[in-house]
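Coordinates in review
Here is what each chain is made of, one letter per residue.
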Amino acid sequence: MHTMRLKENIDLAQFLMAVSTCKGEVSFTTAEGDVLNLKSALSRYVFVVAMRHPELLENGQVVCETAEDAAGLTDYVIAP
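The structure contained in this document is the topic of the report that follows. (Residues numbered from 1 in each chain as written. Predicted model: local features only at pLDDT ≥ 70, side-chain atom pairs only at ≥ 80, totals over all residues. Heavy atoms only, no water.)

**Regarding unusual backbone geometry**
- A positive phi angle is found at Asn9, which is not glycine, with a value near 55 degrees.
- Mapped onto the secondary structure, Asn9 falls in the loop between β1 (2-6) and α1 (12-20).
- Judged by its relative accessible area of 79%, Asn9 is exposed. (Helix = DSSP H or I, 4+ residues; strand = E, 2+ residues; numbered from the N terminus. Buried < 20%, exposed > 50% of the residue type's maximum accessible area, 1.4 Å probe, protein only.)

Set out below in structure tokens:
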């Protein structure tokens, strides 16, 4: 598993398009332990709503199953 943090002011549409190209699972885990599968339409909706609350995103993490997927998201994430 590869755990990263979102960069500030990312292009949300471009980020979600990049997630769509990932071969493995990609999730967003909140500080409270909630896990959103970013390949799921419902979870994406919740994620987009959460983007309006930066404090929720600052403490969350993007988790990729594969190194290849993590490398594909480098424009949008920062390794811890």
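**Topic: the sheet that holds strand β2 (residues 26-29)**
- Spatially, 5 strands are ordered β3-β2-β4-β1-β5 in an open sheet, and the strand pairing comes out antiparallel. Only two strands of the sheet have a single neighbouring strand rather than two, namely β3 (35-37) and β5 (77-78).
- Where β2 and strand β4 (residues 61-64) come together, 4 bridges link them in antiparallel fashion. Across the sheet, the residue bridging to Ser27 is Val63, located in β4.
- Sitting on the sheet, helix α2 (residues 41-50) touches β1, β2 and β3, and the angle it makes with β3 is about 120 degrees. (Pairing = 2+ DSSP bridges. Contact = heavy atoms within 4.5 Å. Axes fitted to C-alpha atoms, helices over the stretch in contact; angles between N-to-C directions.)

**Some points on the pattern of salt bridges**
- Scanning the model with the defined rule gives 1 salt bridge in all.
- With a shortest N-O distance of 3.7 Å, Lys23 and Glu68 are connected by a salt bridge. Within this pair, whereas Lys23 is found in the loop between α1 and β2, its partner Glu68 is found in helix α4 (residues 67-72), the two being separated by 45 residues in sequence. Here the two residues Lys23 and Glu68 agree in accessibility, since each one is exposed. (Salt bridge = Lys/Arg side-chain N within 4 Å of Asp/Glu carboxyl O.)

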